[in-house]
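# A closer look at the structure
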Amino acid sequence: MGLFSFTQELAMDLGTANSVIVNNAGKILLDEPSIVALDRKTDKMIALGEKARQMHGKTHENIRTVRPLRDGVIADFNAAEQMIRGMIKMANKNKGGLFSPSLRVVICIPSGSTEVEIRAVRDSAEHAGGRDVYMIFEPMAAALGIGLDVEAPEGNMIVDIGGGTTEIAVISLGGIVSNKSIKIAGDDFTEDIQDYMGRQHNIKVGDRTAEQIKIQVGSVVTELDNPPEDFVVHGPNRMTSLPMDVPVSYQEVAHCIEKSVSKVDSAVLSALEQTPPELYADIVRNGIYLTGGGALLRGLDKRLSEKIGIPFRVVDDPLHMVAKGTSIALRNIDKFTFLMR
């Protein structure tokens, strides 16, 4: 059987908002929204990723769109399994072959996951065809992606603002010394924007439009050096249902997500409180790294640096940093002891 020992290695960043699959050479094979469209009668998957996202909020009674992960953990087991299987298939579609190779997967999970939540991810991955399934905590993967030496006796702090959770962790000697995982992240900012548009402008907006507002004019400070242009939202008036056009400025967005962003501030402070003084000194010297989609909010690094007094840095390509780190872990499975089986 020596001829046929095919092991395919994949690194997965299963996110609440987006999922990324990277091969062991660090090449991104797939980057799609974590959403599936299912047939209500048979529960079979109709579409996945971007295709399903375009259907979101536009379906009829026979189709439902599901986001299988909520707050970074699996909320719908069946949909998650179908999504993982579909994504692995999509990542492999350029590899034609007679037999499917056995899969070795490294998946990253939130650092605040309970045993039950870790088990759910592992079971889903195994049902979707994973032979060897390894887990890595998200902040650890992000640190590897940034290029930090995670096994050195030196403290580094990572703040990873994803779609469902914000992970804040201090890493030293290949382990997480103090961590804080809060369920306030990109999705909450989107909800804040939806509520605000309804309250302030009397206009109904869906998830996708609120997400667009966040991307186009999302900001956490009210004064920017090069401000984005106002984003015009089209939608129905809540009272009369007549069409409306409302321009939204970045100051308004900063104002309406203020409450959620200040919870992120307090969580960072709370993680710093639990940090041993020797590591604290390292963090002040090295600065704090911001990754994840939330790091793209304009002015976030500036706001946090001013509030906490430690320099914050947004890493290059924050959206894919965790996935890149997961692929580094995949290449060094035998070397890194912090990978969980």
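Since the model is a prediction, treat every value here as computed from it, not as a measurement.

Bringing the overall build of the chain into the picture now. Along the chain, the regular secondary structure elements total 11 helices and 17 strands. A compact globule built from 341 residues would reach a C-alpha radius of gyration of about 20 Å, and the chain, at 21 Å, matches this within 12%. Along the longest, intermediate and shortest principal axes, the C-alpha atoms of the chain span 70 × 60 × 35 Å. The buried share among the 341 residues of the chain stands at 54%.

We now examine the nonpolar core. The nonpolar side chains of a soluble globular protein tend to be buried with one another. Counting residues in hydrophobic clusters, the biggest one holds 46 residues, and the most contacted among them are Met-157, Met-197, Ile-213 and Ile-257. At six residues, helix 8 (residues 258–273) tops the list of elements feeding residues into this core. With sequence-adjacent residues up to four places away left out, Met-197 is seen in contact with Asn-202, Ile-203, Val-205, Ile-213, Val-233, Val-246 and Val-248. Among the nonpolar cores identified, the runner-up in size contains 28 residues, and Leu-48, Leu-69, Met-87 and Ala-125 belong to it.

What follows deals with the sheet that holds strand 6 (residues 63–66). Ordered by their spatial adjacency, three strands build an open sheet running 5-4-6, and the pairing between neighbours is antiparallel. The open sheet terminates on both sides in strands that have one partner only, identified here as strand 5 (45–48) and strand 6. Averaged over all pairs of adjacent strands, the angle between their axes in this sheet comes to 25°, without regard to strand direction. Relative to strand 5, strand 4 (residues 36–39) is paired through three bridges, and the arrangement is antiparallel. From the neighbouring strand, Val-36 faces strand 5, where its bridge partner is Leu-48. Each of strand 4, strand 5 and strand 6 touches helix 2 (residues 77–92); the most contacted strand, strand 5, lies at about 60° to it.

Bringing the side chain of Ser-172 into the picture now. Structurally, Ser-172 can be placed in strand 12 (residues 166–172). Ser-172 gets classed as buried once you look at its relative accessible area, which sits at 9%. Once you skip the residues sitting within four places of it in the chain, Ser-172 turns out to touch Val-150, Ala-152, Pro-153, Glu-154, Gly-155, Val-177 and Leu-279.

Across all of its chains, the model carries one aromatic pair by this definition. For the pair Phe-336 and Phe-338, a centre-to-centre distance of 4.9 Å together with 20° between the ring planes defines the contact as stacked. You'll find Phe-336 and Phe-338 in the same group, each marked buried.

The next subject is the confidence of the model for the chain. Mean pLDDT over the chain: 90, with 96% of residues reaching 70 or higher. Mean pLDDT across the secondary structure elements of the chain bottoms out at strand 8 (residues 73–74), with 87, and peaks at strand 16 (residues 288–291), with 96.

With that out of the way, let us pick up the environment of Gly-112. Counting through the fold element by element, Gly-112 comes out in the loop between strand 9 (102–109) and helix 3 (115–127). In sequence terms Gly-112 and Ala-79 are 33 residues apart; their C-alpha atoms lie 22 Å from each other.

Right, let's talk about empty space enclosed by the protein for a bit. All chains considered together, the criterion is met by one cavity of 30 Å³ or more. The calculated volume of the largest cavity comes to roughly 30 Å³. Along its surface, the largest cavity is lined by Leu-14, Leu-69, Gly-72, Ile-107, Cys-108, Ile-109, Pro-110 and Val-121. Ranked by the residues each element gives to the lining of the largest cavity, the list is headed by strand 9, at three residues. When grouped by side-chain class, the residues that make up the lining of the largest cavity number seven nonpolar, one polar and no charged.

Criteria and thresholds
- Residues numbered from 1 in each chain as written.
- Predicted model: local features only at pLDDT ≥ 70, side-chain atom pairs only at ≥ 80, totals over all residues.
- Heavy atoms only, no water.
- Helix = DSSP H or I, 4+ residues; strand = E, 2+ residues; numbered from the N terminus.
- Rg over C-alpha atoms; globule rule 2.2 N^0.38 Å.
- Buried < 20%, exposed > 50% of the residue type's maximum accessible area, 1.4 Å probe, protein only.
- Core = buried A, V, L, I, M, F, W, Y, C linked by side-chain atoms within 4.5 Å.
- Contact = heavy atoms within 4.5 Å.
- Pairing = 2+ DSSP bridges.
- Axes fitted to C-alpha atoms, helices over the stretch in contact; angles between N-to-C directions.
- Phe/Tyr/Trp six-rings, centres within 6.5 Å; stacked < 30°, edge-to-face > 60°.
- pLDDT = per-residue confidence, 0-100.
- 1 Å grid on protein atoms, 1.4 Å probe; cavity = no way out; pocket = protein on both sides within 12 Å on 5 of 7 lines; lining within 4 Å.
- Points joined across faces, edges and corners; volume = space filled by probe spheres on them.
- Nonpolar A, V, L, I, M, F, W, Y, C, P; charged D, E, K, R; others polar.

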